[in-house]
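An overview of the molecular structure
One letter stands for each residue in the lines below.
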Amino acid sequence: MRDGVTLGDKLSDAHPPGELPNGRLRNEYYKPYPRDYFAPKTGHKSLDIAIIGAGIAGLLTAVALAQSGHNVELYERSKFANEIGAAINMCPNAARILSYYEFNFDRAMPTTVEELNLADGRTFELLHRSDTPDMGARFGAPWLLFHRVDLHNELKRMAIEPRPGRDAAAKVHLLTEVVDLDLDGNLTLANGSQLRKDLIVVADGVRVCLAIPRTVRLYFMTGTMLIY
C-alpha cells in the first residue's frame, strides 16, 4: 500500500476507455466471461474433478473450477514443507486473470516493474534504460514480479478457504502421489487406492511423472475428459 492506495485498487481502476491499435474498444477487449459461464448448466451436475499437482498452475486451476461450482480435489506428492523458487515474472495479461479471480495482490506483496535496466554482465555498466510507467493504462494491469513462495501461498489460500458467497472450496491431499490413470477417468494412488473422476487435469510440472505420451495434449472421452 502506498499513500493509501493498494495494488488491488490500481488493478480495478486500470481499464481506461479508448481504442487499441487493432480498433477494438479497450473495455470490450478486456471483458471477461461472466462468472457463471463455466458453472454447471440447468439439468447438469457439478463435475468431480481431480487435479494432479498443487503448484501454481494446479492451484489456479482449482480456484477457477471451484469458483464455477465444481467439486475439486488436488493430489500433491510433496508436503509443501520446502517450497522454493526465485522471482516469478508476471506480465499484465496474467495479472488480469488473477485480478478476475479476486487474488489478493497486497497479501502476496509483488513488486511493480517501473523500469528496465540493461547492464554489461562483467562491468555492470548501464547500457540501456527503459521506463514502463504506463503498463496499467495500456494493458489493464501492471507488470509484476512475485517471490514464488508468496504467489504459491496466496493461491493455496484462495483454493482451500471458503469465502462469503462461495460454498465450495478445493481439497488438497498432500503426500498423495498419483501413479497411474486411464482414459475412463480412473486414478491409482501410490498406496493402491483407486478413484474415479469426471475430469482429470495433469499439472505436475515439466517433469511429468505419469506415463502419458508427451505428444498428446488433450483427450476427449464419453463422459470423461483428461487434460494434459
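Here the structure is a predicted model, which means the values were calculated and not measured. (Residues numbered from 1 in each chain as written. Predicted model: local features only at pLDDT ≥ 70, side-chain atom pairs only at ≥ 80, totals over all residues. Heavy atoms only, no water.)

Helix and strand counts for the chain come out as seven helices and 14 strands. Expressed as a percentage of the 228 residues in the chain, the buried residues total 35%. Within the chain, counting contacts between residues at least 6 apart in sequence, those at least 24 apart form 65% of the total. Of the roughly 14100 Å² of accessible surface on the chain, a fraction of 53% belongs to carbon and sulfur atoms. (Helix = DSSP H or I, 4+ residues; strand = E, 2+ residues; numbered from the N terminus. Buried < 20%, exposed > 50% of the residue type's maximum accessible area, 1.4 Å probe, protein only. Contact = heavy atoms within 4.5 Å. Areas by Shrake-Rupley, 256 points an atom, 1.4 Å probe, with all protein chains shown as cover.)

Right, let's talk about the nonpolar core for a bit. For soluble globular proteins, the rule of thumb is that nonpolar side chains tend to be buried together. Judged by nonpolar contacts, the single largest core of 30 residues is most densely connected at Ile51, Val72, Leu98, Phe103 and Phe146. Mapped by element, the contributors of at least two residues to this core are strand E1 (48-52), helix H3 (56-67), strand E2 (71-75), helix H4 (92-100), helix H5 (105-108), strand E7 (144-147), helix H7 (148-160) and strand E12 (199-202). It is H3 that contributes the most residues to this core, six residues altogether. Ranked by size, the runner-up nonpolar core spans nine residues in total, among them Ile52, Val178, Leu189 and Val202. (Core = buried A, V, L, I, M, F, W, Y, C linked by side-chain atoms within 4.5 Å.)

Enumeration according to the criterion identifies four aromatic pairs in this entry. Aromatic side chains Tyr100 and Tyr101 sit 4.9 Å apart centroid to centroid with 75° between the ring planes, which places their arrangement in the edge-to-face category. Ring geometry for Phe103 and Phe146: centres 5.9 Å apart, planes at 85°, overall edge-to-face. One end of the pair, Phe103, is in the loop between H4 and H5; the other, Phe146, is in strand E7, and 43 residues separate them in sequence. In this pair, the class of Phe103 matches that of Phe146, namely buried. Aromatic ring contacts, followed pair by pair, group Phe103, Phe105 and Phe146 into a single cluster. (Phe/Tyr/Trp six-rings, centres within 6.5 Å; stacked < 30°, edge-to-face > 60°.)

When two helices pack together, their arrangement is given by the angle between the helix axes and by the axis-to-axis distance. Here H3 crosses H7 at 25°, and the two axes come no closer than 9 Å. One finds that H3 runs roughly parallel with respect to H7. Considering how the two elements wind past one another, H3 and H7 form a crossing that is left-handed. Contacts between H3 and H7 involve Ile56, Leu59, Leu60, Ala62, Val63 and Gln67 from the former and Arg148, Leu151, His152, Leu155, Lys156, Met158 and Ala159 from the latter. (Axes fitted to C-alpha atoms, helices over the stretch in contact; angles between N-to-C directions. Parallel < 35°, antiparallel > 145°, perpendicular 65-115°, else oblique. Left-handed = near helix turned anticlockwise from the far one by under 90°.)

Here the focus is the sheet that holds strand E11 (residues 194-196). Read across the sheet, three strands follow the order E9-E10-E11 without closing on themselves; strand pairing throughout is antiparallel. Because the sheet does not close on itself, it has two edges, and the strands there are strand E9 (178-181) and E11. Direction aside, the axes of adjacent strands within the sheet are offset by 25° on average. Bridge analysis of E9 against strand E10 (residues 186-189) gives three bridges, and the strand direction is antiparallel. Across the sheet, Asp180 pairs through a bridge with Thr188, a residue of E10. (Pairing = 2+ DSSP bridges.)

Across the sheet, which stays open at both edges, the three strands sit in the order E3-E7-E4 with antiparallel pairing between neighbours. Strands with a single pairing partner mark the edges of an open sheet, and in this sheet they are strand E3 (87-90) and strand E4 (111-112). Where E4 and E7 come together, two bridges link them in antiparallel fashion. When the bridges of E7 are listed, Thr112 appears paired with Leu144. Strands in contact with H4 are E3 and E7; relative to E3, the strand with the most contacts, it is inclined by about 95°.

Attention now moves to the environment of Val72. With respect to the helices and strands, the residue Val72 is situated in strand E2. With 11 residues separating them along the chain, Val72 and Thr61 place their C-alpha atoms 9.5 Å apart. Setting aside anything within four residues of it in sequence, one finds Val72 in contact with Ile49, Ile51, Ala62, Leu65, Ala66, Ala169, Ala170 and Lys171.

We now examine H4. By the burial criterion, the buried members of H4 are Pro92, Ala95 and Leu98. Take H4 and look down its axis: the buried residues cluster within an arc of 115°, on one side only. Buried residues belonging to H4 abut H3, E3, H5, helix H6 (135-139), E7 and H7. Two residues or fewer after H4 comes Glu102, characterised by a positive phi angle close to 65°. (Arc of directions from axis to C-beta.)

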